[in-house]
Amino acid sequence: MWAVQFRSYIAESGLVVAIGLRDMWVLGPTFAEALAHVVVGGGDESRRQQADWLR
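Rules behind the numbers
- Chains are numbered independently. Their residues run from 1 in the order of the written sequence.
- In keeping with the model being predicted, local features are shown solely for residues with a pLDDT of at least 70 and side-chain atom pairs are shown and tallied solely at 80 or more, while totals for entire chains, interfaces and linings include all residues.
- The side-chain figures draw on all heavy atoms in the structure; neither hydrogens nor water molecules are used.
- Secondary structure elements are taken from DSSP: a helix is a run of H or I of four residues or more, a strand is a run of E of two residues or more, and numbering for both begins at the N terminus.
- Accessible area is worked out with a 1.4 Å probe on protein chains only. A residue is then buried under 20% of its type maximum, exposed over 50%, and partly exposed in between.
- Residue contacts follow a heavy-atom distance rule, with two residues in contact if any of their heavy atoms lie within 4.5 Å.
- Here the accessible surface of atoms and residues is derived via Shrake-Rupley with a 1.4 Å probe, and residues count as covered only by protein chains that are part of the display.
- Among the buried residues, those of types Ala, Val, Leu, Ile, Met, Phe, Trp, Tyr and Cys that are joined through side-chain atoms within 4.5 Å form a nonpolar core.
- Pairing between two strands requires that DSSP report at least two bridges joining them.

Caption draft 1: Layout of the overall build of the chain. Helix and strand content of the chain: two helices and four strands. When the helices and strands of the chain are read in sequence order from the N terminus, they spell out α-β-β-β-α-β. In the chain, buried positions account for 25% of the 55 residues. Contacts in the chain between residues at least 24 apart in sequence constitute 29% of all its contacts with a sequence separation of at least 6. Accessible area for the chain stands at about 4,300 Å²; split by element, carbon and sulfur atoms hold 56% of it.

The structure is reproduced here in structure tokens:
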């Protein structure tokens, strides 16, 4: 559900991030790993980072 609410971006390097109002989630270093994280979940690890530059 959250994947629909936030914009996701893919860098030229393959890094995939999702951007929220004030937070950024690093979903994975490649599209395949990011997709696996979104579909399967990441367990207990948090990929959330506060992104003050979004304010």
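Now that the structure has been shown, we can carry on.
Caption draft 2: Just the nonpolar core, in detail. If you look at the biggest cluster of nonpolar residues, it comprises five residues: V16, A18, W25, L27 and A34. Every element with two or more residues in this core is listed here: β2 (16-19) and β3 (23-28). If we ignore the near neighbours within four places in the chain, the residues touching V16 are Y9, I10, W25, V26, L27, G28, T30, F31 and A34.

Caption draft 3: Expanded view of the pairing of β3. Burial runs high along β3: five of the six residues are buried. Pairing of β2 with β3, which is carried by four bridges, proceeds in the antiparallel orientation. Its bridge partner being in β3, V17 is matched across the sheet by V26. The antiparallel pairing of β2 with β3 creates a hairpin that spans three residues between the two strands.

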